[in-house]
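Listed below are the residues making up each chain.
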Amino acid sequence: MKTILITGAAGDVGTHLRRELAAKYNIRASDLRSLKKIAKETYVRADVSKMADALRITKGVDAIVHLGGYSVEGPWEGILNANIIGCYNMFEAARRNGVKRIIFPTSNHAVGFYRRDETIDHRVYIKPDGRYGVSKVFGEALGSVYADKYGMQFLMIRIGNVNPAPIDKRRLSIWISPRDIAQLVTIGIEHPQIKFEIVYGISANKRAWYDNSNAFRLGYKPQDDSEKYATEVLARERPGGDPIAEKYQGGVFCAAEEVPNPAPLPKKKSRAARKRK
Ligand code: 15L
């Protein structure tokens, strides 16, 4: 059985993936936060913004799903440490430890400034919608270098929104179910011919803004479609949202400087508080 490292494993997406993939792989689950174990898995605490931690957790694994980092728009310092430095450390640590396969969940926010009346595929020019989107573009670019220069293999999944069900009108277009994201990640781990590929992490949504033909070419057969939830979701929708958020695929990320983090990282203790302990 292959050993797979999942960083950011305590977050929502990490928790769904650990549950979906537990029977198939030995999971090494890593996070800054403590984590409730699901079935048989190993937990390693790590801060990927530190190279020593990245080197320690990537030793001896067959593939890495690098979810760890800031998952929404937020302050530059947080994004710089967690997503830019953290991503560099993980790819570089993987290279030094001889781990070839990386699945990088990038984001719809790498291309969030495309309009909602456009259909885009994996070849469009990047249009990030903020600092968070830029950090995802950084990961895509760095992966491309590590693929071409060092022969590593990357599946870049521009994830929409992972949830058991779509939560609003925008998410009807970008939703992906836990079992569909698990299928894409499995393709990323197992497909024999991946060098560097970009796909969209969405289910077979009737309202999709993405042409996901690259994922289908790699064998992706999504099981779910958000349309099943459309009536219920649209009935909850309130008219008159922010016109910029309504116009672009990235939604509120295109208009706001900070978006609430669904899974905030623990606050670092001040030196005084540490001394008091
Ligand atoms: C993302 O990239 C975030 O990680 C996730 O928390 C959602 O906000 C999602 O995008 C979205 O656009 O809904």
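Predicted model, so just to flag it, every value in this text is computed and none were measured.

Visitor: Give me the lowdown on the side chain of Asp129, citing residues and values where you can.
Guide: Here Asp129 shows up in the loop between strand E5 (101–107) and helix H4 (131–150). Buried and unpaired, Asp129 has no salt bridge, with Arg170 as the nearest side chain of opposite charge at 6.0 Å. Within the structure, the side chain of Asp129 is placed 2.7 Å from the side chain of His109, a separation counted as a polar contact. Setting aside chain neighbours within four positions, we find Asp129 in contact with His109, Gly112, Phe113, Gly250, Phe253 and Cys254.

Visitor: Which residues make up the layout of surface pockets, and what are the values?
Guide: Space inside the second largest pocket adds up to approximately 190 Å³. Residue lining of the second largest pocket: Arg116, Asp168, Lys169, Arg170, Arg171, Glu237, Gly241, Asp242, Ala245, Glu246, Gly251 and Val252, and that is the complete set. Counting residues per element, the ones that place at least two in the lining of the second largest pocket are helix H5 (169–174) and helix H9 (243–247).

Visitor: Lay out the packing of helix H3 (residues 76–96) against H4 with the relevant residues and their values.
Guide: At a closest axis distance of 10 Å, the pairing of H3 and H4 adopts a crossing angle of 15°. One way to sum up the angle between H3 and H4 is to call them roughly parallel. For the crossing formed where H3 meets H4, the hand is right-handed. Residues Trp76, Ile79, Asn83, Ile84, Cys87, Tyr88, Phe91, Glu92 and Arg95 of H3 touch H4, and the partners they reach there are Arg131, Tyr132, Ser135, Phe138, Gly139, Leu142, Gly143, Tyr146 and Tyr150. Of the residues assigned to the contact of H3 with H4, the class counts are 11 nonpolar, 4 polar and 3 charged.

Visitor: With reference to specific residues and values, describe the pattern of salt bridges.
Guide: Evaluated as defined, the whole model comprises 20 salt bridges. Between Asp47 and Lys50 there is a salt bridge; the shortest N-O distance is 3.0 Å. Given the relative accessible area of 45%, Lys50 is considered partly exposed. Residue Arg207 pairs with Glu227 through a salt bridge whose shortest N-O separation is 2.9 Å. Highlighted residues: Arg207 in the loop between strand E9 (196–201) and helix H7 (213–217) and Glu227 in the loop between H7 and helix H8 (230–236), separated in sequence by 20 residues. Note on Arg207: relative accessible area 33%, which makes it partly exposed. The exposure class of Glu227 is partly exposed, given its relative accessible area of 22%. Each member of the salt-bridge network shares a partner with another, and the members are Glu73, Arg131 and Glu257.

Visitor: Can you break down the side chain of Glu41 residue by residue, with the values?
Guide: Among the structural elements, Glu41 can be located in strand E3 (residues 41–45). Polar side-chain contacts of Glu41 include one of 2.9 Å to the side chain of Arg18. Of note is the side chain of Glu41, whose polar atom sits 2.7 Å from the backbone nitrogen of Ile38. If near-sequence neighbours (up to four positions away) are discounted, Glu41 is found in contact with Arg18, Ile27, Ala29, Leu35 and Lys36.

Visitor: So what's going on with H3? Which residues, and what values?
Guide: Taking 1.5 Å of rise per residue, 21 residues should cover 30 Å, and H3 covers 28 Å from first to last C-alpha, within 8% of that figure. Of all the bends in H3, the greatest measures close to 30° and is centred on Gly86. Listed in full, the buried residues belonging to H3 are Ile79, Ala82, Asn83, Ile84, Gly86, Cys87, Asn89, Met90, Phe91, Glu92, Ala93 and Ala94. Buried residues belonging to H3 abut strand E1 (3–7), helix H2 (51–58), strand E4 (63–66), E5, H4 and strand E6 (153–159).

Basis of the calculations
Residues numbered from 1 in each chain as written. Predicted model: local features only at pLDDT ≥ 70, side-chain atom pairs only at ≥ 80, totals over all residues. Heavy atoms only, no water. Helix = DSSP H or I, 4+ residues; strand = E, 2+ residues; numbered from the N terminus. Buried < 20%, exposed > 50% of the residue type's maximum accessible area, 1.4 Å probe, protein only. Lys, Arg positive; Asp, Glu negative; His and termini not counted. Salt bridge = Lys/Arg side-chain N within 4 Å of Asp/Glu carboxyl O. Polar contact = N/O pair within 3.5 Å; in protein donor to acceptor, adjacent residues only side chain to side chain. Contact = heavy atoms within 4.5 Å. 1 Å grid on protein atoms, 1.4 Å probe; cavity = no way out; pocket = protein on both sides within 12 Å on 5 of 7 lines; lining within 4 Å. Points joined across faces, edges and corners; volume = space filled by probe spheres on them. Axes fitted to C-alpha atoms, helices over the stretch in contact; angles between N-to-C directions. Parallel < 35°, antiparallel > 145°, perpendicular 65-115°, else oblique. Left-handed = near helix turned anticlockwise from the far one by under 90°. Nonpolar A, V, L, I, M, F, W, Y, C, P; charged D, E, K, R; others polar. Expected span 1.5 Å × (residues − 1). Bend = angle between axes of the 7 residues up to and from the residue.

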